[in-house]
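Here are the chains, one letter per residue:
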Amino acid sequence: EAGVTQSPTHLIKTRGQQATLRCSPISGHTSVYWYQQALGLGLQFLLWYDEGEERNRGNFPPRFSGRQFPNYSSELNVNALELEDSALYLCASSYHRGSNQPQHFGDGTRLSIL
Amino acid sequence: AQSVTQLDSQVPVFEEAPVELRCNYSSSVSVYLFWYVQYPNQGLQLLLKYLSGSTLVKGINGFEAEFNKSQTSFHLRKPSVHISDTAEYFCAVSESNTGKLIFGQGTTLQVKP
C-alpha cells in the first residue's frame, strides 16, 4: 500500500512569491491534514480537509489556504511568501474525521524562502 | 486547552541499553495519545497509539508505552536500543473534533556505540 506522497520534495521561492504544495493521501483515506514544522517552533497544525470541505484551520494568516479535490488529494497554497514561511510542510491523512483515527504522514515538502 | 510536554529534549544512551522517553499531557476529556518517530530528512512515522483499553501499548520496532491516567503520562520505552533508533521522537494528543494533533517539542534520542 502506497503511503502519503507529497510533491515537490524541495521548493525554493523568493519573498512575495506564491507556493503550491501537493499531497496524495493513502488510498481509502478521506481526511487530509497539513502541518508546518519550522525550526524552533515545533509542529504546528495548519489545516484539515475532509470530504472536500475545510473542517478546521490553525492559527495562521489567510494567505495560507488550500483545497481538497474529489479524489481526496489536496494542495496547500501560500501567498505573499515571507522569510519565516521557510519550513518543512507535512501532509497527513486518515480514514475519516474521528479523533481516534491515527494520522499517517508523508515525507514533507521543504520550502525555502530566499 | 490540551497540551503535551516532553520532559527531555535530548536523551543520550549506549547501544543495547534500555531507554525511556517521557511525555506528560494535560486534558480534561478522554484522550487519544500517539508516539511518532522522525528520522533525518523524513516525515513522521507512527510508532504506537493509545485509544482505549489496556494501558500498556505495544508498537513497532520493539517500542511500548504505558498510559497512566492518574499521572497524565504516556512514557515511551524500549528495553534495548539500536544505533538505528537514533531519531527524534514526538508525543502527541488528538484534540477532540478538530482534526488537530497537538505535539510535544520532541526528544532527540542519540544512541552511541
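Scoring rules and cut-offs
- Residues numbered from 1 in each chain as written.
- Chains lettered and ligands numbered in written order.
- Predicted model: local features only at pLDDT ≥ 70, side-chain atom pairs only at ≥ 80, totals over all residues.
- Heavy atoms only, no water.
- Helix = DSSP H or I, 4+ residues; strand = E, 2+ residues; numbered from the N terminus.
- Buried < 20%, exposed > 50% of the residue type's maximum accessible area, 1.4 Å probe, protein only.
- Contact = heavy atoms within 4.5 Å.
- Polar contact = N/O pair within 3.5 Å; in protein donor to acceptor, adjacent residues only side chain to side chain.
- Salt bridge = Lys/Arg side-chain N within 4 Å of Asp/Glu carboxyl O.

For the rest of this paragraph, the subject is the environment of Gln44 of chain A. All names here are of chain A. Assignment of secondary structure puts Gln44 in strand 5 (residues 42–50). Under the relative-accessibility criterion, Gln44 is labelled partly exposed at 35%. Sequence-distant contacts of Gln44, that is, excluding residues within four places in its chain, are made with Trp34, Tyr35, Gln36 and Phe60. At 2.7 Å, the side chain of Gln44 and the backbone oxygen of Leu41 are in polar contact.

This part is about the pattern of salt bridges. Considering all chains together, one arrives at nine salt bridges over all chains under this definition. One salt bridge connects Arg22 of chain B with Asp8 of chain B, and the closest N-O pair in it is separated by 3.0 Å. Taken as a pair, Arg22 of chain B in the loop between strand 3 (19–21) and strand 4 (23–26) and Asp8 of chain B in the loop between strand 1 (3–6) and strand 2 (10–14) lie far apart in primary sequence, 14 residues in all. Across the salt bridge formed by Glu95 of chain B and Lys100 of chain B, the nearest N and O atoms sit 3.9 Å from each other. In this structure Glu95 of chain B comes out as buried when scored by relative accessible area, which is 18%. Judged by its relative accessible area of 22%, Lys100 of chain B falls in the partly exposed class. Members of the salt-bridge network, linked through shared partners, are Arg63, Glu82 and Asp85 of chain A.

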